[in-house]
Amino acid sequence: MDESDARKTRNICILAHVDHGKTTLADHLIASSGGGVLHPKLAGKLRFMDYLDEEQRRAITMKSSSIALQYKDYSINLIDSPGHMDFCSEVSTAARLSDGALVLVDAVEGVHIQTHAVLRQSWIEKLTPCLVINKIDRLIYELKMSPMEAYNRLLRIVHEVNGIVSTYKSEKYLSDVDSLLAGPSEKIGDENLEFIEDDEEDTFQPQKGNVAFTCALDGWGFGISQFAEFWAKNLQVGTAKKLSVDKLQKLLWGPHYLISKDKIVGKKEVANVSNARPMFVQFVLEPLWKIYQAALEDGDKGVVEKLIKKFNLSIPPRELQNKDPKVVVQSVMSHWLPLSDAILLMVVKCTPDPVSAQSFRLSRLLPKRDVLRNEVDLSVLAEADNVRKSVEACDSSHEAPCVAFVSKMFSVPMKMLPQRGSHGEILNNYTEKGESDECFLAFARIFSGVLYSGQRVFVLSALYDPLKSDSMQKHIQEAELHSLYLMMGQGLKPVASAKAGNIVAIRGLGQHILKSATLSSTRNCWPFSSMVFQVSPTLRVAIEPSDPSDMGALMKGLRLLNRADPFVEVTVSSRGENVLAAAGEVHLERCIKDLKERFAKVRLEVSPPLVSYKETIEDETCNALENLKLLSGSLDFVEKTTPNGRCVIRVQVMRLPSMVTKVLDESVDLLGNIFGGHAIKILETQRSSISEDENPVEAFKRRLMGALESHISSGNDNDKDWEEKCRAKWQKFLQRMWALGPGRLGANILFTPDFKRNNTDGSVLVRGSAHVSKRLGFVENSSDGNSNGDTAVESSSEVTQAPTMFTEAESLESTIVSGFQLATAAGPLCDEPMWGLAFIVEAYISPLAGQSDDPESLRQSEQYGIFSGQVMTAVKDACRAAVLQKKPRLVEAMYFCELNTPTEYLGPMYAVLARRRARILKEEMQEGSSLFIVHAYLPVSESFGFADELRRWTSGAASALLVLSHWEELPEDPFFVPKTEEEIEEFGDGSSVLPNTARKLIDAVRRRKGLPVEDKVVQHATKQRTLGRNV
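Residues numbered from 1 in each chain as written. Predicted model: local features only at pLDDT ≥ 70, side-chain atom pairs only at ≥ 80, totals over all residues. Heavy atoms only, no water.

Counting secondary structure elements, the protein chain contains 34 helices and 35 strands. Taking all 1031 residues of the protein chain together, the buried fraction comes to 53%. For the protein chain, the share of sequence-separated contacts (at least 6 apart) that also reach a separation of at least 24 residues comes to 75%. Surface exposure of the protein chain reaches about 47100 Å², of which carbon and sulfur atoms provide 51%. (Helix = DSSP H or I, 4+ residues; strand = E, 2+ residues; numbered from the N terminus. Buried < 20%, exposed > 50% of the residue type's maximum accessible area, 1.4 Å probe, protein only. Contact = heavy atoms within 4.5 Å. Areas by Shrake-Rupley, 256 points an atom, 1.4 Å probe, with all protein chains shown as cover.)

Right, here's the structure in full:
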């Protein structure tokens, strides 16, 4: 394939909300252009791309799969993707390998939450989207709309989708403006002004040809251009010549009216005729409505026959004589307006070829790296830049470096592999050791060069850095490609080689790639950027075999499952359990089924879901400034002493503002880049409007300062003096950030102590060092110790201490941080991580009771273990005790829940939500239907079995979609004891108070973890209970 062939290639994916018609649409495209693999009569019924038994049984798509189509002289790689939120990771893998996207929207249901998600995914991956409004026929015979009402519905959908995309554009606009204002003026260039060009017009415009109106089930669809071509030949306006196709195409959408008397096309303002209709209604929708009404309601075959004669349609008489009018309409419409022609024509005209797309998408795929040229090998850098240019140009020459990206690994049974090669030779498929039943193939897109079977390539992980090749050996492997396949849905077609711009399946990488990777023919290549996932795997269960002797088979099965599913996470808990994390119930059921039947092939025991919680303290938002003053100079602290009495630990704790906590929670990816470069799976909910080239430190500082400004401005109304004091206090605290926790990236902050306060007992204060503040640029590295704590210790009195004490205090800095990390990783309520807390830890070291250089005294001081271990334990215990002292609260994860239900089932639906502690956000009736849309927040702990219960109580009429939203504090006090007169009057002395929700959740977690629980062992101690009558 030379460049002219690359120009004739298109890579597209189909994205939509669940049940909006993706796989049905794919069926019709395959039937017309798939080379005869699907008969047109079965299109829409077979669901060719859903070849898994579970997909056919549930009637939903569960994985992304590709098929190669031929349309005229164009080669089109089509990827069908799932719409269910549980399988959103498959959408990410499909979007990364595509250049364009067909975004489907149901004309009746309209834009749903997953539509927002897939539009954002296509925006992030820089895909060129086309809009397909499906199920137009339901507006006619189900909702009984008039053509004018249908036009208004379609107009609203197009505006709504455009509004969503313009929101993402405005995010980029604001982000770019911020970076331009923050950066030097000479950086303003064409790339930074790209948003101005983007924002000139709506993304989706039917008159531009990137919007299609379809009925996928009946196999018909159209774009405005098809009707423009027809009416350009048959429509004459006044005495003028016939309108051109381009002119008419622009007039067939929007407020353009044709006044029949004088044949003048005018705007609505000059159309004084009472029954004036937009030209789209008059010349597009009304003919469709006439055919449907004539066939379905009136039984008038004259209209149908006239249409057949007008367009010279060849329809078999047997189909026209069918007694079912729907069959007749389907046959006529699919011959008049073939769905595949409308969609594929739009794909060819409106989506870019690989050469154009890769130059546009390069900043997303291979973002530029800031490199100090004087510290690196320039030859390596030059080759890496050459590789980047080859990817940008989609260079398909044999001399170009070969670069491909594997978005996922997928498993196929060995018996499904082709038995013959591309030249008809018999293949020996059983080459991989230990995996005789399953074969792993890589789902890959070639971005540059040519890929051959038998070729040796380098497999690069996301952390690979070609400039540090010596320390990067674990991030690079060399592998041989065993076979290349062209994917045809479930089928695989062997090919000897494939050039840039193609999507292929690669065999031979099963032992080298876990989830995704970059393939390169050279070591000197930057890896592609990580994919963006919309949610994280939150549903966790513990798995063990029914027969303990099958543990080896289960471990092997878990390894295979972890490789085969791009989103599943397999870990071992601290108790030794094998924990499987999935995106939701449907995803989990599929994973368990695959384990039982394909990978492990053993009987399994699955635990109830393991729900994650977090721990915090009550948010006292009454006066933010008072809280800061208390934290900086209060005597309200918890004090612990080490067993040898040499170190006194004082801990103060404060709740961080909710906005700051949210920033810390959502910026895990940025903090990972800043502090450790860990491979972090970026979540859709964590991704904000950050431009590709923005410095992570600057991005985080901008987020954090924005959150603090919002917090300060919302704390007091128009009190400038108060705001300035609060801002100054926070500025001081931001210069004292010692560590983040847990895991050095969490939503808790450890501040260095205020060393200006004096103590007179001769002890030494461990002052710590503001490492986090330095890395984030709040403190200059060259500044003195009084501002950033460079000096490790400070004497609390005028007495000169022994040098050993200073050395000892300096060495305890990391110990105190470790104690803080331990405390924040396991809180006092139920050993769950802490969330949104700020700690100040003051550690005072006093000299030994005897002489400091006396060996006997030294031996006595070590009888309780190493001193650093004692300090770590004391810090951990003091932090946990401080939290318990400050009204601890449990924090639980919340789902955003979108429900659709008919009016008559609103009562049962609300009853189900009430039983599960849901909080209703809004409820509104869907325009043009009897469905209600209800938005609610639902605790994750209450979501298991929610969909089944909802279907049971509403007779299957209600449906729900759950998306992980946020963390929310439970307002209930788990240690509630009646204190006020009203409480004592209501609950008595407290002995009969039932455990509240927070306490029940805490006790359930403690039982699961084997921690002590305060339970009444004896329920009825006053007498022996018996069922006998005569006692």
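Another point: the packing of aromatic side chains. Scanning all chains against the criterion turns up 22 aromatic pairs. Between the aromatic rings of Y151 and W253, the centroid separation amounts to 5.5 Å while the plane-to-plane angle is 70°, which identifies the pairing as edge-to-face. Within this pair, whereas Y151 is found in helix α7 (residues 147-182), its partner W253 is found in the loop between α10 (245-251) and β8 (256-259), the two being separated by 102 residues in sequence. You'll find Y151 and W253 in the same group, each marked buried. For the pair F733 and F751, a centre-to-centre distance of 5.1 Å together with 55° between the ring planes defines the contact as tilted. Taken together, the residues F733 in helix α24 (residues 720-734) and F751 in strand β28 (residues 748-751) connect sequence positions 18 residues apart. When sorted by exposure, F733 lands in the same class as F751, which is buried. Above the ring of W967, the side-chain terminus of K614 is found at 4.6 Å from the ring centroid. Taking NZ or CZ as reference, R915 lies 4.4 Å from the ring centre of W953, over its face. (Phe/Tyr/Trp six-rings, centres within 6.5 Å; stacked < 30°, edge-to-face > 60°. Lys NZ or Arg CZ within 6 Å of the ring centre and 35° of its normal.)

Before going further, it helps to spend a moment on the pattern of salt bridges. In this structure the tally under the stated criterion is 45 salt bridges. Where R655 meets E969, a salt bridge forms, and the shortest distance between an N and an O atom there is 2.8 Å. In this pair, R655 is assigned in strand β26 (residues 647-655) and E969 in strand β35 (residues 959-969), connecting sequence segments 314 residues apart. Take E969: its relative accessible area is 21%, and that puts it in the partly exposed class. Two residues, K1009 and E832, come together in a salt bridge whose shortest N-O distance is 2.6 Å. Residue K1009 is found in helix α34 (residues 997-1009), and its partner E832 is found in the loop between α28 (813-825) and β31 (837-845); the two are separated by 177 residues along the sequence. (Salt bridge = Lys/Arg side-chain N within 4 Å of Asp/Glu carboxyl O.)

Counted at 1.5 Å a residue, the expected span for helix α30 (residues 867-885) with its 19 residues is 27 Å, and the 27 Å between its end C-alpha atoms agrees. Within the sequence span of α30, burial applies to F867, Q870, V871, A874, V875, A878, C879, A882 and V883. Directly beyond the C-terminal end of α30, a positive phi value near 55° is found at K887. (Expected span 1.5 Å × (residues − 1).)

With antiparallel pairing, four strands are arranged side by side in an open sheet as β21-β22-β20-β23. Unpaired on one side and paired on the other, β21 (569-572) and β23 (604-606) mark the two borders of the sheet. Pairs of neighbouring strands in the sheet enclose a mean axial angle of 30°, with direction left out of account. Helix-sheet contacts for helix α18 (residues 551-564) involve β20 (539-545), β21, β22 (578-582) and β23, and the interaxial angle to β22 is about 30°. (Pairing = 2+ DSSP bridges. Axes fitted to C-alpha atoms, helices over the stretch in contact; angles between N-to-C directions.)

Grouped burial of nonpolar side chains is what soluble globular proteins tend to show. In this structure, I133, F280 and L288 are the most contacted members of the largest nonpolar core, which totals 114 residues. Per element, the largest residue contribution to this core is eleven residues, and it comes from helix α11 (residues 279-298). When neighbours within four sequence positions are excluded, I133 is seen to be in contact with V105, A107, L154, I157, V158, V211, A212, F213 and T214. Membership of the second largest hydrophobic core comes to 44 residues, among which are A444, A498, L558 and C591. (Core = buried A, V, L, I, M, F, W, Y, C linked by side-chain atoms within 4.5 Å.)

Packing of helix α2 (residues 22-33) against helix α15 (residues 339-350) leaves a shortest axis separation of 9 Å and a crossing angle of 95°. Here α15 runs roughly perpendicular to α2, going by the angle between their axes. Facing α2, whose interface residues are L25, H28, L29, S32 and S33, α15 presents L339, S340, I343 and L344. The residue makeup of the contact of α2 with α15, split by class, is five nonpolar, four polar and no charged. (Parallel < 35°, antiparallel > 145°, perpendicular 65-115°, else oblique. Nonpolar A, V, L, I, M, F, W, Y, C, P; charged D, E, K, R; others polar.)

This paragraph deals with the side chain of N134. Among the secondary structure elements, N134 is positioned in strand β5 (residues 128-134). A relative accessible area of 2% means that N134 is categorised as buried. Side-chain polar atoms of N134 contact the backbone nitrogen of A216, separated by 3.0 Å. Setting aside residues no more than four positions away along its own chain, N134 makes contact with H20, G21, L104, V105, D106, A107, T214, C215 and A216. (Polar contact = N/O pair within 3.5 Å; in protein donor to acceptor, adjacent residues only side chain to side chain.)

Attention now goes to the pairing of strand β24 (residues 613-617). With five of its five residues buried, β24 lies for the most part within the structure. The pairing of β24 with strand β32 (residues 888-902) spans five bridges and is classified as antiparallel. When the sheet's bridge partners are listed, K614 is paired in β32 with V891.

This next bit is on the side chain of S407. In this structure, S407 sits in strand β10 (residues 403-413). Engagement of the side chain of S407 in a polar contact is seen with the backbone oxygen of T93, the distance being 3.4 Å. Beyond its immediate stretch of four places on either side in the chain, S407 contacts T93, L97, F443, K515, S516 and M531.

The next thing to look at is the environment of H39. Of note, H39 is situated in the loop between α2 and α3 (53-58). For the pair H39 and D27, spaced twelve residues apart in sequence, the C-alpha to C-alpha distance is 9.4 Å.

Right, let's get into the pairing of strand β13 (residues 456-460). Within β13, four of the five residues are buried, leaving the element largely enclosed by the surrounding structure. The pairing of β13 with strand β14 (residues 476-480) spans five bridges and is antiparallel. Within β14, the position partnered with F458 by the bridge is E478.

So, about the packing of α18 against helix α19 (residues 585-599). Where α18 contacts α19, the two axes come as close as 10 Å, and the packing angle between them is 125°. Viewed along their axes, α18 and α19 adopt a mutual orientation that is oblique. Like other packed secondary-structure pairs, α18 and α19 cross with a definite hand, here right-handed. The residues of α19 that touch α18, namely those facing G557, L558, L560, L561 and A564, are C591, D594, L595 and F599. (Left-handed = near helix turned anticlockwise from the far one by under 90°.)

With respect to the helices, strands and loops of the structure, A739 is situated in strand β27 (residues 737-741). On the basis of relative accessible area, A739 is assigned to the buried category, the value being 5%. In sequence terms A739 and T752 are 13 residues apart; their C-alpha atoms lie 8.9 Å from each other. Those residues in contact with A739 that lie beyond four places of it in its chain are N748, I749, L750, V772, V817, F820 and Q821.

Turning to the confidence of the model for the protein chain, a few remarks are in order. Of the residues in the protein chain, 83% reach a pLDDT of 70 or more, and the chain-wide mean stands at 83. Predicted confidence for residues 183-199 stays below pLDDT 50, and this span has ten contacts to residues more than four positions away or in other chains. For residues 677-693, every residue scores under 50 in pLDDT, and the model assigns this stretch 55 contacts once sequence neighbours within four places are set aside. (pLDDT = per-residue confidence, 0-100.)

Among the secondary structure elements, G489 is positioned in the loop between β15 (483-488) and β16 (491-495). Owing to a relative accessible area of 8%, G489 belongs among the buried residues under this scheme. Considering only alpha carbons, one finds G489 and D80, 409 residues apart in sequence, at a separation of 9.2 Å. Setting aside residues up to four positions removed in sequence, G489 forms contacts with F48, M49, Y51, S66 and I67.

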